[in-house]
Amino acid sequence: YLELENLIDRGVVSYVIKDSKRHYRATSPEKFIHILDEKKKNFQAILPQLQGLHKSIDPFNFEVFEGKEGIKTFYMDIYHNAKEFLVLGATGKATEVLKYSYPHFVNKFLKKKIKERALANESSREIMESHPKSIVKIKYLPSKYEFDVTTIIYGTKIAIQSLQKDNIYVVVIKDNLLHK
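Residues numbered from 1 in each chain as written. Predicted model: local features only at pLDDT ≥ 70, side-chain atom pairs only at ≥ 80, totals over all residues. Heavy atoms only, no water.

Moving on, we get to the packing of helix α3 (residues 67-81) against helix α5 (residues 102-112). Packing of α3 against α5 leaves a shortest axis separation of 10 Å and a crossing angle of 5°. As summarised for this structure, α3 and α5 are arranged roughly parallel, according to the angle between their axes. Two secondary-structure elements touch here, α3 through K72, Y75, M76, I78, Y79 and H80 and α5 through Y102, F105, K108, F109 and K112. (Axes fitted to C-alpha atoms, helices over the stretch in contact; angles between N-to-C directions. Helix = DSSP H or I, 4+ residues; strand = E, 2+ residues; numbered from the N terminus. Parallel < 35°, antiparallel > 145°, perpendicular 65-115°, else oblique. Contact = heavy atoms within 4.5 Å.)

The following block contains the structure:
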């Protein structure tokens, strides 16, 4: 009965009283279309305000990619969104973690001519030297400045990548102010 009262208030149910009893009856189905049209009209009236709020509330966001599949997704994001990316503290561990997939990413980047500039750990020299020289420019950090995690900058994003044995993840921060 409470729901019936609610439906009566909305105008989709009516009733008549016969023999001291209420007899309920649904209104025409077109009434539902009218209600939906009214809601759509009301929503469209406030849509510009909502879009304005959306832009001002979302100046940046965070994404976390975990595990080998997460790292693959991250590299595809670079592939789709970067013409060049900068790497600080390249460890060379991506070739170990993505043993079979990593060469495919290198080939994709090569075909699309995505450039990489890297400051790599000295311990990664052998691995990093195998990268194609046409798209990768590498300088090596002295051993005392070795990094365990890698920072990657591309487009409007900064990524912090950990490829430690039991700790494989990437945190990506997107901020339009980074692009300026």
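Once that is clear, we can look at empty space enclosed by the protein. Overall, the coordinates contain one cavity of 30 Å³ or more when judged by the stated rule. Roughly 280 Å³ of volume is contained in the largest cavity. Lining of the largest cavity is provided by 23 residues; of these, Y75, F85, Y102, E116 and H131 occupy positions nearest its centre. Elements that contribute at least two residues to the lining of the largest cavity include exactly β4 (84-90), α4 (94-97), α5, β7 (149-154) and β8 (157-164). (1 Å grid on protein atoms, 1.4 Å probe; cavity = no way out; pocket = protein on both sides within 12 Å on 5 of 7 lines; lining within 4 Å. Points joined across faces, edges and corners; volume = space filled by probe spheres on them.)

This next bit is on the layout of surface pockets. The calculated volume of the largest pocket comes to roughly 210 Å³. Mapped by element, the contributors of at least two residues to the lining of the largest pocket are α3, α4 and β8. Classifying every residue of the lining of the largest pocket by side-chain character gives five nonpolar, two polar and six charged. (Nonpolar A, V, L, I, M, F, W, Y, C, P; charged D, E, K, R; others polar.)

Before going further, it helps to spend a moment on the environment of V106. For V106, the position within the fold is in helix α5. Given a relative accessible area of 17%, V106 falls into the buried group. Expressed as a C-alpha distance, the spacing of V106 and S123, which sit 17 residues apart in the sequence, is 20 Å. With near-sequence residues (within four places) excluded, V106 lies in contact with H131, P132 and I135. (Buried < 20%, exposed > 50% of the residue type's maximum accessible area, 1.4 Å probe, protein only.)

Read these as layout, nothing more, since geometry by itself doesn't imply function.
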